[in-house]
Amino acid sequence: MLYSHVTLLMLRVVDVVAKTTVQQSARMLVAEIHGEIQIGALFPIHRQIAGSESCGEIWEQYGIQRSEIAMLTVKQLNEELPFKLGLSIRDSCWTERIAMEQTIAFLREGVAQCSCCQTPGCNKKSVPVVAVIGPGKSSSTIAVQNLLQVFRIPQVGYSATTPDLSDKEQFGYFLRVVPSDVFQAQAINRLLHHYNWTYVAVLYSAGNYGEKGFESLEKLIAHRSSSVCIAYSEKIKTLASEQEYRQVLTRLDSQNSRPQVVVCFCEGASMRMFFKAQKHLADGKMQMKRFQWIGSDGWADRNDVVEDLEEEAEGSFSIRIHAPKIPGFRQYYTALHPENNTMNPWFREFWQQKFNCQFAVSKEDKNNENIRICSGDENLDEQYKEDPKLSQVINSIRVVALGLKAMYQDRCRDNSTLCTEMLSRNGTLLYEYLLNVTYSDQFKQPVYFDRNGDPPAWYDILNYIGTKDLDNPYNEVGSFKSINDYGVEELDMTAKSMFFDKTELLPESVCSRPCGIGQRQRETMACCWICESCLDIQYVNKTTNQCMNCTLGSWPNANRTGCEYIIPEVVSWTSFGHILALVLAVTGIITSMATLAVFLRHNSTPVVKSTTRELSYIILSGLVACYAVSFALLATPSTTSCFITRVIPPIAFAVVYSALLTKTNRIARILAGSKKRILTKKPRFLTTFSQVVITWILVAVQCVIVGVGLMRDWPDATYAKYALPRKLILECDTETKSFLIPFFWDFFLITLCTLYAFKTRNLPENFNEAKFIGFTMYCTVVVWIAFLVLHMGTTHKALVMSFSYSLSASVALALLFFPKLYIILMHPEKNIRASYTTTKLIRCHFGNSQAAYDSTSKQQHLGSKTTARTSVQSGSASKSSSMGGGVTRTASVHVPVSRGSTHSTDVSTQTEAASKFSRSFSIVGRKKQGLDDDVQQLVDACRRYQDEKINSSAANLLLEESEDELLRSRGVQPLALSQATPL
């Protein structure tokens, strides 16, 4: 209570200041009906003067008619109530400041009482108001509520529709009998959708009513269920000049894509100004095309809005809170006269203004012809227009009366006098009773309140037809109702409408045509768009109007409104390519195994021996692996199959080409050594064991490379990126560099093999394996280059790899082994030792040997044997230093003998032979001692031969067998020669 008194003190200061600035006589008049319980009412008796906060001329509909219906309603209610209800009416002048001043006056009367007024029988000046009706303007209502709730005085709105007043945390003592503008925005939104007007402009008045109404409409239009777009919006002050209104319409008309429909969330005065501006622009030089207007309930069905502007307003729509005309009010109102209506202090002023006359004229003005004296015979029925909100005024007063009645019946059964005084002090309790009021008015319209103090919505959709029906210019073409508290609404259009062009042809208000399937709207300006096609993988999200990607494994449906799951594609072994690859692989495996079997069967034959058997078997095993890997390549990709395809191919090819490299290197080294004039040293690592070890060392390098690659990029099965997202094709997920790097080692081996094969191309004619190796390498290089190109450019990598691997293996198998198989199987008579040695009859070795001789070794050894048909002579001459050791120069000559020889003898060594014999001459002497003539001749012959055919010794060194075996294969029983190590 202390807080209320402090607040009242501040209000009195404001009131004192206000009295000095505003005409007190014009605004502080009160129309009052005294009662036991008093309620206040604020009506705009006067209009607001444009550009100021002052009161202007009398407002008949909003002021006089509302005040008259309010007093009539109180009189009628007093016949039903158990107490006498009083009413105090004050003028708000449609401005916030004057409404505040009048509210302060109500509060001053209620709070400024002496202490005796708290007891029965106290003589007080006036009865405090227990509730306030009005004012009509939303912004003024908010200002008044901010004062009233401090003193816990309920306020009932009959015209304020701003959504802000539904917030009970800010306005805890407010309720209203008219719906919130949220429902009006819903009605307008439904009307736009009904006529498919999707491209509109919105103009709204400055202030709470217009701004909050626009916000509500904007939220609804922005909702996903709305297809309407606001192309242009602008706020304007109600009291702005005509020039400002014209500028707004000029800017609207100059839009690149001009909206035809304009929604005006405006007060009636603003709506009228827009009609004036449109008339000026349409009839002037601009020849502007008229707009299709939709007005809010600020216009409703007021005639003053369209007066003298009927042509501009024809075809427009307006929203009106459902308010049927009050039966009998017209008769009651038109019967009023200044002489019989003394309760209304503004009625005489209104009479003079309406009929442009004066009741009292000064002496100076008696002779003034422009001043007419009111005769009293004027008729209010002429040009009568009833205010559409009279039913809301009645309902607001009835709600307060019924709430007081219910409260009185509950609390005042014993002492009515004391109770009525105490009721005036308990606004919180009264507000609770008001919220619980439920009834149906005289028009069967239900009246009740939700927890926010809002009633259900019921709007009339009006179509202004103007001069087509002068008696009823507003044609009710539909209605909008909110069915329940959950916001379920219903729009019912029951009649045909006339539009801005005075026809029933529906105008179009769109900026862009709807987009097709798979296209989204991209705005180019406000509410205009161009249609953009989404990607094939995208669908159109109608909610956000965006192209949305389908997740992996799905694809847009036919309407491009969602995604469907894709059925994964599996490897088909029935396709021609796969069948051919498998046939080639199986054929290669069978052929390789058959070749291996043949080689094993003829393991000891010269053909097999000449190929270095162990390396040949290694090569065949690698070829089998190359063929077999096709099954893993063409199988459904998995972690296991991907691991096999990453590991086996590079290692298998490394096995093949490492063995070939070892073989070609051996041939090249032997050839390089034989080109020396003097063979000073026998090449190293020419044994079979050495060749195998070198081969596996090279393979081990490949294994290390593959292992490192696996650690960096572990193979796994995933969907092919080239097919995504349209198809799901499973393949091994391996980076290209991780896959190709191991093959670079294979390619390095191939390159070296090719170089060595090229260097050894001129071997003796009967040793032609080097040439076959060369052909193999040339073809392999071509295959591998083609493989690299195809692998980088194809999508069927598994099939390409299968063919490439099999073809590369087939090249090696055909060129390296088929010639051998041909001899073994088709010409076994050629599978003899003689076919794989040189065709020359002489083979010479030159070398140095360190030997220690004592003084007694100065002997010449000579052994000979003869047969009837052939003989072999062998002579050796050596020169040594006098120090007991020196350089030994050895020459050996082998001449074929007859198969009839029985044995051979050497002076220094013993050798056994069955049917052959050899003569061997071994001459070892000092440096100064000369050689025998026959030995010297042999040495000279060998020198001459080596000068002519230096390559003849290389072919013999390629054979695995020893010289003894070579001699035996050629029918000669070898003799033991003096020891000499080739250089």
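Residues numbered from 1 in each chain as written. Predicted model: local features only at pLDDT ≥ 70, side-chain atom pairs only at ≥ 80, totals over all residues. Heavy atoms only, no water.

- If you check an unreviewed UniProt entry, the chain appears there as G-protein coupled receptors family 3 profile domain-containing protein from Caenorhabditis elegans.
- In the Function (unreviewed entry) part of its UniProt record, the chain is described as follows: "G-protein coupled receptor for glutamate. Ligand binding causes a conformation change that triggers signaling via guanine nucleotide-binding proteins (G proteins) and modulates the activity of down-stream effectors."
- In its Sequence similarities (unreviewed entry) section, the UniProt record describing the chain reads: "Belongs to the G-protein coupled receptor 3 family." (UniProt positions renumbered as here; feature names shortened; annotations may be inferred.)

1. Describing the environment of isoleucine 39
Here is step 1: Tracing the sequence through the fold places isoleucine 39 in strand β2 (residues 37–43).
Here is step 2: Since its relative accessible area comes to 0%, isoleucine 39 is described here as buried.
Here is step 3: Along the primary structure isoleucine 39 and leucine 87 are separated by 48 residues, whereas in three dimensions their C-alpha atoms are 5.0 Å apart.
Here is step 4: Every residue in contact with isoleucine 39, bar those within four places of it in the chain, is listed here: Leu85, Gly86, Leu87, Ser88, Val129, Val130, Ala131, Ile397, Val400 and Leu404. (Helix = DSSP H or I, 4+ residues; strand = E, 2+ residues; numbered from the N terminus. Buried < 20%, exposed > 50% of the residue type's maximum accessible area, 1.4 Å probe, protein only. Contact = heavy atoms within 4.5 Å.)

2. Regarding the packing of helix α21 (residues 688–712) against helix α22 (residues 736–759)
Here is step 1: Packing of α21 against α22 leaves a shortest axis separation of 9 Å and a crossing angle of 170°. Regarding the angle of α21 to α22, the classification is roughly antiparallel. Across from Leu698, Val701, Gln702, Ile705, Val706 and Arg712 in α21, the residues of α22 making contact are Lys737, Ile741, Pro742, Trp745, Asp746 and Leu749.
Here is step 2: For the contact of α21 with α22, the class distribution of residues is eight nonpolar, one polar and three charged. (Axes fitted to C-alpha atoms, helices over the stretch in contact; angles between N-to-C directions. Parallel < 35°, antiparallel > 145°, perpendicular 65-115°, else oblique. Nonpolar A, V, L, I, M, F, W, Y, C, P; charged D, E, K, R; others polar.)

3. Things to note about the side chain of glutamate 68
Here is step 1: Mapped onto the elements of the fold, glutamate 68 is located in helix α3 (residues 60–77).
Here is step 2: In contact with glutamate 68, other than residues within four places in its own chain, are Tyr332, Tyr333, Leu336, Asn341, Asn344 and Phe347.

4. Some details on the nonpolar core
Here is step 1: Core analysis: the largest hydrophobic core is formed by 63 residues, its most contacted members being Ile39, Leu87, Ile89, Val399 and Leu404.
Here is step 2: No other element matches the ten residues that helix α14 (residues 390–411) contributes to this core.
Here is step 3: Look past the residues within four positions of isoleucine 89 in its chain and what remains in contact with it is Leu29, Val30, Ala31, Ala41, Phe43, Ser67, Ala70, Met71 and Trp346.
Here is step 4: Listed in part, the 56 residues of the second largest apolar core include Ala654, Ala659, Cys753 and Met777. (Core = buried A, V, L, I, M, F, W, Y, C linked by side-chain atoms within 4.5 Å.)

5. Examining the state of the cysteines
Here is step 1: Under the defined criterion, the tally for this structure stands at seven disulfides.
Here is step 2: One disulfide in the model links cysteine 550 with cysteine 563; its S-S distance is 1.9 Å. Between cysteine 550 and cysteine 563, the disulfide has an S-S torsion of -90° and is therefore left-handed. Of the two residues, cysteine 550 is situated in the loop between β22 (546–549) and β23 (554–556) and cysteine 563 in strand β24 (residues 563–565); the sequence distance between them amounts to 13 residues.
Here is step 3: Look at cysteine 550 and you get buried, because its relative accessible area is 6%. (Disulfide = S-S within 2.5 Å.)

6. Examining the UniProt feature "transmembrane region" (unreviewed entry) in the chain
Here is step 1: Within the UniProt annotation, "transmembrane region" (unreviewed entry) is assigned to residues 576–600, 615–635, 647–664, 685–711, 739–758, 770–791 and 803–825.
Here is step 2: Strand forms 0% of residues 615–635 and helix 95%; the C-alpha atoms that close the span are 31 Å apart.
Here is step 3: Within the segment residues 647–664, helix and strand shares are 100% and 0% respectively, and the terminal C-alpha atoms sit 26 Å apart.

7. Focus: unusual backbone geometry
What is expected of a backbone is that most residues other than glycine have negative phi and most peptide bonds are trans.
Here is step 1: Here the bond from glycine 134 into proline 135 is cis, since omega is 0°, no more than 30 degrees from zero.
Here is step 2: By secondary structure assignment, the location of proline 135 is in the loop between β6 (129–133) and α5 (138–148).
Here is step 3: At aspartate 308, a position not held by glycine, the phi torsion is positive, near 65°.
Here is step 4: Looking at the secondary structure, you find aspartate 308 in the loop between α10 (303–306) and α11 (310–313).
Here is step 5: Given a relative accessible area of 57%, aspartate 308 falls into the exposed group.
Here is step 6: Phi is positive for arginine 560, close to 60°, though the residue is something other than glycine.
Here is step 7: For arginine 560, the location among the structural elements is in the loop between β23 and β24.
Here is step 8: The buried category is assigned to arginine 560, whose relative accessible area is 16%.

8. A short note on the packing of α3 against α14
Here is step 1: Between α3 and α14, the least distance of the axes is 9 Å, while the angle of their chain directions is 35°. Here α3 and α14 pass one another in a crossing that is right-handed. The residues of α14 that touch α3, namely those facing Gln65, Arg66, Ile69, Ala70, Thr73, Val74 and Leu77, are Leu390, Val393, Ile394, Ile397, Arg398 and Ala401.
Here is step 2: Grouping the constituent residues of the contact of α3 with α14 by class yields nine nonpolar, two polar and two charged. (Left-handed = near helix turned anticlockwise from the far one by under 90°.)

9. Examining the sheet that holds β2
Here is step 1: Read from one edge to the other, the open sheet built from six strands follows the order β1-β5-β2-β6-β7-β8, with strand pairing classed as mixed. Strand pairing shows two members of the sheet lacking a second neighbour, β1 (31–33) and β8 (174–176), which therefore form its edges. Across this sheet, the average inter-strand angle for adjacent strands is 20°, counted without regard to direction.
Here is step 2: The sheet contact formed by strand β7 (residues 155–157) and β8 spans three bridges and is parallel. In the sheet register, valine 156 faces β8, and the bridge partner there is leucine 175.
Here is step 3: Sitting on the sheet, α3 touches β1, β2 and β5 (85–91), and the angle it makes with β5 is about 170°. (Pairing = 2+ DSSP bridges.)

10. Considering a nonpolar patch on the surface
Here is step 1: Taken together, Trp573, Val586, Ile590 and Phe631 make up a surface patch of nonpolar side chains, about 350 Å² in accessible area.
Here is step 2: Its place among the elements puts isoleucine 590 in helix α17 (residues 576–601).
Here is step 3: When its relative accessible area of 55% is taken as the criterion, isoleucine 590 is described as exposed. (Patch = residues over 30% accessible without salt bridge, like charges linked within 9 Å, V, L, I, M, F, W, Y side chains within 5 Å. Areas by Shrake-Rupley, 256 points an atom, 1.4 Å probe, with all protein chains shown as cover. Salt bridge = Lys/Arg side-chain N within 4 Å of Asp/Glu carboxyl O.)

11. Section: the pattern of salt bridges
Here is step 1: Applying the stated rule across the entire model yields 24 salt bridges.
Here is step 2: With a shortest N-O distance of 3.5 Å, aspartate 164 and lysine 212 are connected by a salt bridge. Here aspartate 164, found in the loop between β7 and β8, pairs with lysine 212, found in helix α7 (residues 208–222); they are 48 residues apart in sequence, far enough to count as distant.
Here is step 3: Residue aspartate 304 is joined to arginine 302 by a salt bridge in which the shortest nitrogen-to-oxygen separation is 2.9 Å.
Here is step 4: With a relative accessible area of 8%, arginine 302 lands in the buried category.

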